[in-house]
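# Inside the fold
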Amino acid sequence: MRMENYARFYSALNRMPYSGDREELKEQIVKQFTFGRTVHLREMTESEYYSCCDSMERMVPNREPVGEALKRAALIREKKKCRSMALHQMQLYGVDTADWGKVNEFCRQPRIAGKEFRELDCEELKRLTKKMRAINSKKEERAG
């Protein structure tokens, strides 16, 4: 049977650390798995192709591209920062932030956020922080 789609091979190949010519690397790999018979993917047997892909995937298991990992890490840091700022303002207001039940009960109020804390995205957390700062400011004015 002749292979029609080589996406699995190229996906693994693109994740392999290599600083030289990718075409040269591809040919070396194909040559190795066909025992020197060919350097062309289309000339590999189905069993050679699957064996090759299995081996390559074991070498580089489903690692996401570095750029994507950095973006995801930056988004996680940003969300943690937003969550921390919102929780701090809620704590100043008097919500027991050590009790997630109380945090969620407070956030579910329609005038606060209208949903549980864990469901809030970064923009909603920023709005909540701003709202809580205003509430805390008014609370201080009345007390002071």
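Now for the overall build of the chain. Summing up its helical and strand segments, the chain has six helices and zero strands in all. From first element to last, N terminus to C terminus, the chain shows the α and β order α-α-α-α-α-α. The C-alpha radius of gyration of the chain comes to 27 Å, more than 25% above the 15 Å expected for a compact globule of 144 residues. Along the first, second and third principal axes, the C-alpha atoms of the chain reach 85 × 30 × 25 Å. Restricting the contact set of the chain to residue pairs at least 6 apart, pairs at least 24 apart contribute 46%. Surface exposure of the chain reaches about 10100 Å², of which carbon and sulfur atoms provide 51%.

Attention now goes to the side chain of glutamate 48. Counting through the fold element by element, glutamate 48 comes out in helix α3 (residues 46-59). With a relative accessible area of 14%, glutamate 48 lands in the buried category. In terms of polar contacts, glutamate 48 uses its side chain to reach the backbone amide nitrogen of threonine 45, at 2.9 Å. With residues near it in sequence (within four places) discarded, glutamate 48 still touches Phe33, Thr34 and Arg37.

Counting residues in each nonpolar core, the largest one holds 16 residues, and the members touching the most others are Phe9, Leu13, Ile29, Leu41, Cys52 and Met56. Those residues in contact with leucine 41, other than ones at most four positions away along the chain, are Tyr6, Phe9, Tyr10, Lys26, Val30 and Tyr49. Core analysis: the next-biggest nonpolar cluster, separate from the first, contains 15 residues, Ala86, Met90, Val103 and Cys107 among them.

Relative to each other, helix α1 (residues 7-15) and α3 sit at 30°, their axes nearing to 9 Å. Here α1 is positioned roughly parallel relative to α3, judged by the angle of their axes. Crossing of α1 over α3 shows left-handed handedness. Counting all contacts with α1, which are made through Ala7, Arg8, Phe9, Ala12, Leu13 and Arg15, the residues of α3 involved are Tyr49, Tyr50, Cys52, Cys53, Asp54, Met56 and Glu57.

What counts, and where the lines are drawn
Counting from 1, residues in each chain are numbered in the order their sequence is written. Where local features are concerned, this predicted model is filtered to residues with pLDDT of at least 70; where side-chain atom pairs are given and counted, the filter is 80 or more; whole-chain, interface and lining totals use all residues. Computation of side-chain values covers all heavy atoms of the structure but excludes hydrogens and water. Going along the chain from the N terminus, every DSSP run of H or I of four or more residues is numbered as a helix, and every run of E of two or more is numbered as a strand. Both definitions apply: the radius of gyration is a C-alpha atom measure, and the globule rule equals 2.2 Å times residues to the power 0.38. Only heavy atoms matter for contacts: two residues are in contact if any of them lie within 4.5 Å across the pair. We get accessible surface area from the Shrake-Rupley algorithm with a probe of 1.4 Å; when it comes to residues, only the shown protein chains can shield them. Note on classification: 1.4 Å probe, protein chains only; a residue is buried when its accessible area is under 20% of the maximum for its type, exposed when over 50%, partly exposed between these limits. Definition of a polar contact: a pair of N or O atoms within 3.5 Å, with one able to donate and the other able to accept a hydrogen when the atoms are protein atoms, and with sequence-neighbouring residues admitted only if both atoms are side-chain atoms. Joining through side-chain atoms within 4.5 Å is the link that ties buried Ala, Val, Leu, Ile, Met, Phe, Trp, Tyr and Cys residues into a set, and such a set is a nonpolar core. Lines fitted to the C-alpha atoms define the axes, with helices restricted to the stretch that makes contact. Angles between their N-to-C directions range from 0 to 180 degrees. These descriptions rest on fixed angle ranges, namely under 35 degrees for roughly parallel, over 145 for roughly antiparallel, 65 to 115 for roughly perpendicular, and the rest for oblique. Crossing handedness follows the turn of the near helix against the far one: under a right angle anticlockwise gives a left-handed crossing, and clockwise gives a right-handed one.

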